[in-house]
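The lines below spell out each chain.
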Amino acid sequence: MASDKSTLPLVLVVGATGHTGGSIAHALLDSHNFRVAALIRPASETKPATQALRAAGVEIRLGDITDDLAKLKAHLAGVAIVVSAVVAWTVTEQKDLIRAAKEVGVQRFVPCDFGTPGKRGVRALHDLKLDIREFIQELGVPHTFIDVGWWMQLAVPLPSRSAALDVAKAMTYELHGTGKQSYLLTNREHIGTFVARIIADPRTLNKAVIVWEDEVREEDAHALGERLSGEEAALKAKRRLLSKEQIEAQAAEATALVEKNPTNPLAHATQSWNEYMISIHILGENTLAYAKSLGYLDARELYPDAPKYTFEDFAKEYYALEEPGREYLGL
């Protein structure tokens, strides 16, 4: 069995201790189609998330994407595929890793996207991701670009019992524009399963793929969440409809704070959140039709045998959790 595994392609996951990267690393192992390594910063070697990866069978390679080119090439020894799920503020730091991948002959590079589709000039973070895509294409590095719509975990109103801060709860009670715009949703925990199929598929080489599990209107998502939360009347009373002008003003205010202090994480998060709301709910960019107009392949068409999973399925599971607001606890 060991000799069989040794012939499997090796995937290096960058950012494997994060939400998305962890989902991807574990799903790659579960697929039994890959060997998996993770590039982990030395300071994180003893962290529980790293230990969990090692215990699951992930090879830990100590290093950082900011290492010099020679070290990066060493980190990529034997690697067939790179999947990057770095934190947002290091997106531009992927360039040297991409250069190293080109030099050692990596067969496929998946940069850190895993967001929603859209055009330039709306979201600062998305523009940086598009810059990375262009850099990859200009270098001629084999690639796949993967977007996943909006996390289902961020599309439901938080119940009062959540330990999340009140400011985070208030964000989840907001609707945007008319509230009637539909948008693509994916359970964050399922991203890795789709990635494992996509990177094993020759049809997706040098293509962009949109992953999604359901497409619903924002007001319908809120109504469903309110009903299944057990606090329907209370949560419905907390709804707040934000106009296009209000969202744009909040985005502009946060952008000014970022320009004043580029190291302010809260300002970055607020800017990104409001720009996402403009893209998704005002411009309607996070739809299947729009993604296809940009040339994305549809993951559900590529893999019709994938289990059907709806937003209602997710919401039932979500409100049964002891702590439904885990994604917000770090705010």
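Here the structure is shown first, and the text comes after it.
1. Description of the pairing of strand β4 (residues 81-84)
Then, number 1: A two-sided burial pattern is seen for β4, the buried positions comprising Ile81 and Val83 on one face and Val82 and Ser84 on the other.
Then, number 2: In this sheet, β4 lies alongside strand β1 (residues 10-14) in parallel orientation, the contact comprising 4 bridges. Across the sheet, the residue bridging to valine 13 is valine 83, located in β4.
Then, number 3: With 3 bridges connecting them, β4 and strand β5 (residues 108-110) associate as parallel partners.

2. Description of empty space enclosed by the protein
Then, number 1: Inspection of every chain in the model, using the stated rule, returns 2 cavities of 30 Å³ or more.
Then, number 2: When its volume is computed, the largest cavity comes out at roughly 90 Å³.
Then, number 3: Every residue lining the largest cavity is counted, 15 residues in all, and those nearest its centre are Leu154, Ala155, Glu174, Glu218 and His222.
Then, number 4: When residues of the lining of the largest cavity are traced back to their parent elements, those giving at least two are α7 (166-172), β8 (174-176), α9 (218-229) and α12 (265-282).
Then, number 5: Top element by residues in the lining of the largest cavity is α12. It accounts for 3 residues.
Then, number 6: Its residues assigned to classes, the lining of the largest cavity shows 9 nonpolar, 4 polar and 2 charged.
Then, number 7: Counted as a void, the second largest cavity has a volume near 40 Å³.
Then, number 8: Around the second largest cavity, the lining residues are Asp113, Gly115, Thr116, Arg123, His126, Lys129, Arg133, Asp147 and Tyr276.
Then, number 9: Looking at which element gives the most residues to the lining of the second largest cavity, the answer is helix α6 (residues 124-139), with 3 residues.
Then, number 10: For the lining of the second largest cavity, the class distribution of residues is 1 nonpolar, 3 polar and 5 charged.

3. Observations regarding the sheet that holds β5
Then, number 1: Ordered by their spatial adjacency, 5 strands build an open sheet running β3-β2-β1-β4-β5, and the pairing between neighbours is parallel. The sheet is open, and its two borders are formed by β3 (59-62) and β5, each paired with just one other strand. For this sheet, the mean angle separating the axes of adjacent strands, direction not counted, is 20°.
Then, number 2: Here β1 runs beside strand β2 (residues 35-40); their pairing, made up of 5 bridges, is parallel. Looking at β2, one finds that leucine 10 is bridged to arginine 35.

4. Section: α6
Then, number 1: Along its 16 residues, α6 runs 23 Å from first to last C-alpha, staying within 8% of the 22 Å computed at 1.5 Å per residue.
Then, number 2: Every buried residue of α6 is listed here: Leu125, His126, Asp127, Lys129, Leu130, Ile132, Arg133, Phe135 and Ile136.
Then, number 3: Residues of α6 that are buried sit in contact with α5 (95-104), β5, β6 (144-147) and α12.
Then, number 4: Two residues or fewer past α6, glycine 140 is found with a positive phi of approximately 75°.

5. Regarding the pattern of salt bridges
Then, number 1: If you walk through the whole model with that rule in mind, you get 21 salt bridges.
Then, number 2: Across the pair arginine 61 and glutamate 59 runs a salt bridge whose closest N-O atoms are separated by 2.8 Å.
Then, number 3: On the accessibility criterion, arginine 61 (14% relative accessible area) is buried.
Then, number 4: On the basis of relative accessibility, which here comes to 36%, the residue glutamate 59 falls in the partly exposed class.
Then, number 5: With a shortest N-O distance of 4.0 Å, arginine 227 and glutamate 312 are connected by a salt bridge. On the criterion of sequence distance, the pair formed by arginine 227 in helix α9 and glutamate 312 in helix α15 (residues 311-318) is long-range, its members being 85 residues apart.
Then, number 6: When its relative accessible area of 45% is taken as the criterion, arginine 227 is described as partly exposed.
Then, number 7: Residue classification places glutamate 312 among the partly exposed residues on the basis of a relative accessible area of 32%.

6. Focus: the nonpolar core
Then, number 1: Judged by nonpolar contacts, the single largest core of 64 residues is most densely connected at Leu28, Phe114, Trp150, Ile199 and Phe311.
Then, number 2: Those residues in contact with phenylalanine 311 that lie beyond four places of it in its chain are Met152, Ala155, Val156, Leu185, Asp214, Val216, Ala221 and Leu224.
Then, number 3: Judged by nonpolar contacts, the second largest core, of 32 residues, contains Ile98, Ile132, Ile136 and Val141.

7. Digging into the packing of α9 against α15
Then, number 1: Where α9 meets α15, the axes come as close as 10 Å, and the angle between the chain directions of the two elements is 35°. In this structure, α9 meets α15 at a crossing whose hand is right-handed. Between α9 and α15, the contacting residues are Ala221, Leu224, Arg227 and Leu228 on the first element and Phe311, Glu312, Ala315 and Lys316 on the second.
Then, number 2: The class makeup of the residues in the contact of α9 with α15 is 5 nonpolar, no polar and 3 charged.

The rules we used
Residues numbered from 1 in each chain as written. Predicted model: local features only at pLDDT ≥ 70, side-chain atom pairs only at ≥ 80, totals over all residues. Heavy atoms only, no water. Buried < 20%, exposed > 50% of the residue type's maximum accessible area, 1.4 Å probe, protein only. Helix = DSSP H or I, 4+ residues; strand = E, 2+ residues; numbered from the N terminus. Pairing = 2+ DSSP bridges. 1 Å grid on protein atoms, 1.4 Å probe; cavity = no way out; pocket = protein on both sides within 12 Å on 5 of 7 lines; lining within 4 Å. Points joined across faces, edges and corners; volume = space filled by probe spheres on them. Nonpolar A, V, L, I, M, F, W, Y, C, P; charged D, E, K, R; others polar. Axes fitted to C-alpha atoms, helices over the stretch in contact; angles between N-to-C directions. Expected span 1.5 Å × (residues − 1). Contact = heavy atoms within 4.5 Å. Salt bridge = Lys/Arg side-chain N within 4 Å of Asp/Glu carboxyl O. Core = buried A, V, L, I, M, F, W, Y, C linked by side-chain atoms within 4.5 Å. Left-handed = near helix turned anticlockwise from the far one by under 90°.

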